[in-house]
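Overview (structure and organization)
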Amino acid sequence: MALDDARQWLDKIRALPLTSPVRIMNVCGGHERSISMAGLRSALPDMIDLIPGPGCPVCVCPEEDIYQAIQIGLNEPDSIVVAFGDMLRVPVNVSSKSVRSLEQAKAAGADIRPIASPSEAVRIAKSEPGKTVVFFVAGFETTCAPVAGMLAEGIPDNLLLLMSGRLTWPAVAMLLDYETPSFDALIAPGHVSTVMGPEEWQFVVDRHGFPAAIAGFTPDSLLAAIYSVLRQKLDGRIFLDNCYQQVVKPHGNPTARRLIESTLTIVDAPWRGIGIIPASGLELRADYAQHNARLRFPVHAENARKNAGAMPPGCDCARVVLGRIKPVDCKLYGVSCTPRSPVGPCMVSDEGACRIWWSSGIRTRSAEHEETTCT
Amino acid sequence: MCLAIPMQIASINGSRAVCSIKGIEREVSLFLLQDEPIGIGDYVLIHVGYAIQKISAEEARSTWELLDQMLTEDAQHA
Ligand code: SF4
Ligand code: SF4
């Protein structure tokens with residue numbers, strides 16, 4: 001049983017002779033959810049600090065791209081903008097009188113529809129042949145694989161894509177290249193690795209000498225990975241461990257990787273609040289130029305628009321995403337920023353660290369270690 | 001947004017399949033698993049309507065334990 005396994009891993013971790021603090025970063029919103037929901041932070045020894053990193057494609061989606069999607073919806077005649085539900089509420093930096101999110105654009109009369117699958121985008125485009133359907137895609141490798149599948153299977157002429165696809169490993173590489181990385185060991189994302197293969201994370205070990213383990217989403221799998229990186233550090237024997245072997249196979253899903261390669265291309269890309277990370281974006285290949293919304297529509301950028309690309313004023317999401325501060329350290333956390341009226345993207349998305357912490361009942365810095373224990 | 005969930009294949013029609021779990025049925029694409037032998041009764045991990053990997057019945061079960069727990073917690077904190 002998984003829960004007994006979890007308790008055993010916890011006992012093994014507690015028995016480790018840790019003498020100095022270890023900061024372990026996860027880069028997956030799904031991991032952060034499991035950690036918070038199961039109360040792993042309070043169950044683990046104080047010496048272990050679990051840090052949420054750049055784990056959510058919604059949080060890092062460029063503000064300019066969201067603005068562009070809103071403007072397409074509002075200004076392009078006969079357009080329908082479709083996007084994964086989480087994207088609809090993310091605010092852009094415009095005055096409070098202007099349309100600030102796709103949700104508000106919808107209220108203002110634009111045809112904006114939340115979808116749950118790329119197949120739905122195709123279905124909508126087929127059923128509305130007189131309209132131009134723009135699929136606004138924010139997602140990591142796991143989400144880009146189905147989008148690649150959709151493209152390879154063939155899409156209708158009236159379906160365009162506004163691609164904000166991102167690769168996760170270049171963000172981790174950037175954090176590791178900092179003079180003082182904000183963490184000491186990495187829990188690598190399970191579903192990204194399911195698609196791309198464990199090999200994607202080998203550089204953490206080979207180039208940087210950091211312990212790393214791939215984890216699944218159950219508490220026992222996460223605890224196994226935490227135990228692994230701690231042991232690696234204590235023993236001075238660093239390697240890439242795969243604690244999610246049932247699902248993460250060598251080379252991942254080769255078909256999915258082949259489809260990504262044949263439909264998408266890697267580009268330098270901006271991350272909201274962080275800036276451009278080289279070779280971290282997935283954009284449509286040139287053969288799909290006629291489906292590229294970036295090429296079809298003018299760039300909607302008002303010169304007067306202040307803070308384009310930035311996080312909303314006062315919001316500390318950029319440092320949250322980089323693992324420099326915890327959600328509770330943001331001045332707005334729980335004050336003006338809650339899931340009901342989010343200020344920054346990290347409070348909007350189900351995988352945003354602020355949203356996850358708030359939903360798991362963490363209200364103050366001290367409460368971080370007081371959540372319900374892992375039972 | 002992007003946690004993949006396990007489901008069991010109930011029927012297959014070309015690259016599309018009907019999958020079910022706990023009485024819920026969904027049409028999903030098997031396109032990303034086109035090079036894998038896959039059949040009715042197999043468990044797959046579904047992300048945004050696409051099966052991204054074949055998994056064992058046991059793995060499917062332990063993931064559902066976790067998801068059930070998350071769903072109840074979400075409801076409590078909503
Ligand atoms: S796509 Fe998968 S790995 Fe990436 S953040 Fe979502 S759940 Fe985690
Ligand atoms: S609490 Fe709100 S404003 Fe602060 S970092 Fe999180 S999302 Fe941004």
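Source: prediction; values computed, not measured. (Residues numbered from 1 in each chain as written. Chains lettered and ligands numbered in written order. Predicted model: local features only at pLDDT ≥ 70, side-chain atom pairs only at ≥ 80, totals over all residues. Heavy atoms only, no water.)

**Some thoughts on the overall build of chain B**
Helix and strand counts for chain B stand at one helix and five strands. Counting from the amino terminus, chain B carries its helices and strands in the arrangement β-β-β-β-β-α. Considering chain B as a whole, with its 78 residues, one finds that 44% of them fall into the buried category. Within chain B, counting contacts between residues at least 6 apart in sequence, those at least 24 apart form 39% of the total. Here chain B displays about 3700 Å² of accessible surface, and carbon together with sulfur accounts for 51% of that area. (Helix = DSSP H or I, 4+ residues; strand = E, 2+ residues; numbered from the N terminus. Buried < 20%, exposed > 50% of the residue type's maximum accessible area, 1.4 Å probe, protein only. Contact = heavy atoms within 4.5 Å. Areas by Shrake-Rupley, 256 points an atom, 1.4 Å probe, with all protein chains shown as cover.)

**Quick word on the sheet that holds strand β10 (residues 264–271) of chain A**
By way of backbone hydrogen bonds, the strands of a sheet pair with one another, either parallel or antiparallel. All names here are of chain A. Spatially, six strands are ordered β4-β3-β5-β6-β11-β10 in an open sheet, and the strand pairing comes out mixed. Every other strand in the sheet has two partners, leaving β4 (111–115) and β10 as the edge strands with one partner each. When strand polarity is set aside, the average angle formed by the axes of neighbouring strands in this sheet is 25°. Bridge count between strand β6 (residues 159–166) and strand β11 (residues 275–284): two bridges; the pairing is antiparallel. Looking at β11, one finds that Arg166 is bridged to Gly281. Packed onto the sheet, helix α5 (residues 63–75) meets β3 (79–84), β4, β5 (132–139) and β6 and runs at close to 165° relative to β6. The strands touched by helix α8 (residues 141–153) within the sheet are β3, β5, β6, β10 and β11, with β6 carrying the most contacts at an inclination of about 155°. (Pairing = 2+ DSSP bridges. Axes fitted to C-alpha atoms, helices over the stretch in contact; angles between N-to-C directions.)

**Quick notes on the nonpolar core**
Nonpolar side chains in soluble globular proteins generally cluster together in the buried interior. Phe135, Phe136, Met150, Leu159, Leu161 and Trp201 of chain A are the most contacted members of the largest nonpolar core, which totals 120 residues. Here Met150 of chain A is in contact with Pro118, Val122, Phe135, Ile155, Leu159 and Leu161 of chain A together with Tyr50 of chain B, once residues within four sequence places are set aside. Judged by nonpolar contacts, the second largest core, of 27 residues, contains Leu18, Val22, Ile35 and Ala185 of chain A. (Core = buried A, V, L, I, M, F, W, Y, C linked by side-chain atoms within 4.5 Å.)

**Comments concerning the pairing of β5 of chain A**
Residue and element names in this part refer to chain A. In terms of burial, β5 is a largely internal element, seven of the eight residues being buried. Examined bridge by bridge, β3 and β5 share five bridges and lie parallel to one another. The residue of β5 that forms the bridge with Ala83 is Phe136. In this structure, β5 lies alongside β6, joined through seven bridges in parallel fashion. Each bridged residue has a counterpart across the sheet, and for Phe135 the counterpart in β6 is Leu161.

**What about the interface of chain A and chain B?**
When the parts of a complex come together, some accessible area is lost, and that lost area is often used as the size of the interface. Taken together, the 47 residues of chain A in the interface contact 32 residues of chain B. Carbon and sulfur atoms supply 58% of the area buried between chain A and chain B, which totals about 3100 Å² over both sides. For the pair chain A and chain B, the number of links is one salt bridge. Between Asp35 of chain B and Arg258 of chain A there is a salt bridge, and its shortest N-O distance comes to 3.3 Å. Of all elements in the fold, only α2 (29–37), α4 (57–60), α7 (118–127), β5, α8, α10 (190–196) and α13 (254–263) of chain A reach the threshold of two or more residues within the side of chain A that touches chain B. The element that contributes the greatest number of residues to the side of chain A that touches chain B is α8 of chain A, accounting for eight residues. Here the residues of the side of chain A that touches chain B sort into 21 nonpolar, 18 polar and eight charged. (Buried area = accessible area lost by both parts, 1.4 Å probe. Salt bridge = Lys/Arg side-chain N within 4 Å of Asp/Glu carboxyl O. Nonpolar A, V, L, I, M, F, W, Y, C, P; charged D, E, K, R; others polar.)

**Section: unusual backbone geometry**
Despite not being glycine, Asp78 of chain A shows a phi value in the positive range, around 55°. Relative to the assigned elements, Asp78 of chain A resides in the loop between α5 and β3. Here the phi dihedral of Val48 of chain B falls at roughly 35°; this positive angle occurs in a residue that is not glycine. Within the fold, Val48 of chain B resides in the loop between β4 (43–47) and β5 (50–55).

**Focus on the site of ligand 2**
Taken together, Cys315, Asp316, Cys317, Val320, Cys330, Leu332, Tyr333, Cys337, Gly344, Cys346, Met347 and Cys354 of chain A make up all the residues around ligand 2. Tallied by class, the residues present in the shell around ligand 2 amount to 10 nonpolar, one polar and one charged. (Near = heavy atom within 4 Å.)

**Points about the pairing of strand β2 (residues 48–52) of chain A**
Residues and elements named next belong to chain A. Extensive coverage of β2 is indicated by the burial of four of its five residues. Summarising the sheet, strand β1 (residues 22–26) and β2 pair through five bridges and their orientation is parallel. Of the residues in β2, the one forming a bridge with Met25 is Ile51.

**Some points on the domain arrangement of chain A**
Residues and elements named next belong to chain A. Each domain of chain A was delimited in the assignment, giving domain 1 (1–295 + 305–311) and domain 2 (317–368). Computed over C-alpha atoms only, the centres of domain 1 and domain 2 are separated by 18 Å. Between domain 1 and domain 2, the contact holds 33 residues from the first and 25 residues from the second. Across the domain 1/domain 2 interface, buried area totals approximately 2300 Å², and carbon plus sulfur atoms make up 63% of it. Counting across the interface, domain 1 meets domain 2 through one salt bridge. (Domains from an automatic or database assignment.)

**Remarks on the confidence of the model for chain A**
Confidence in the prediction for chain A averages 91 pLDDT; 95% of positions are at 70 or higher. Contacts for the low-pLDDT stretch residues 369–375 of chain A, under 50 throughout, to residues beyond four places or in other chains number 21 contacts. (pLDDT = per-residue confidence, 0-100.)

**Overview of the sheet that holds strand β7 (residues 185–188) of chain A**
Residue and element names in this part refer to chain A. If you trace the five strands from one edge of the open sheet to the other, you get β2-β1-β7-β8-β9, paired in parallel fashion. Each edge of the open sheet carries a strand with a single partner, namely β2 and β9 (240–242). Averaged over all adjacent pairs, the angle separating strand axes in this sheet is 20°, with direction ignored. Pairing of β1 with β7 involves three bridges; the strand directions are parallel. Bridge pairing in β7 places Asn26 opposite Ile187. Contacts from α2 reach β1, β2 and β7 within the one sheet, and its direction differs from that of β1 by about 125°.

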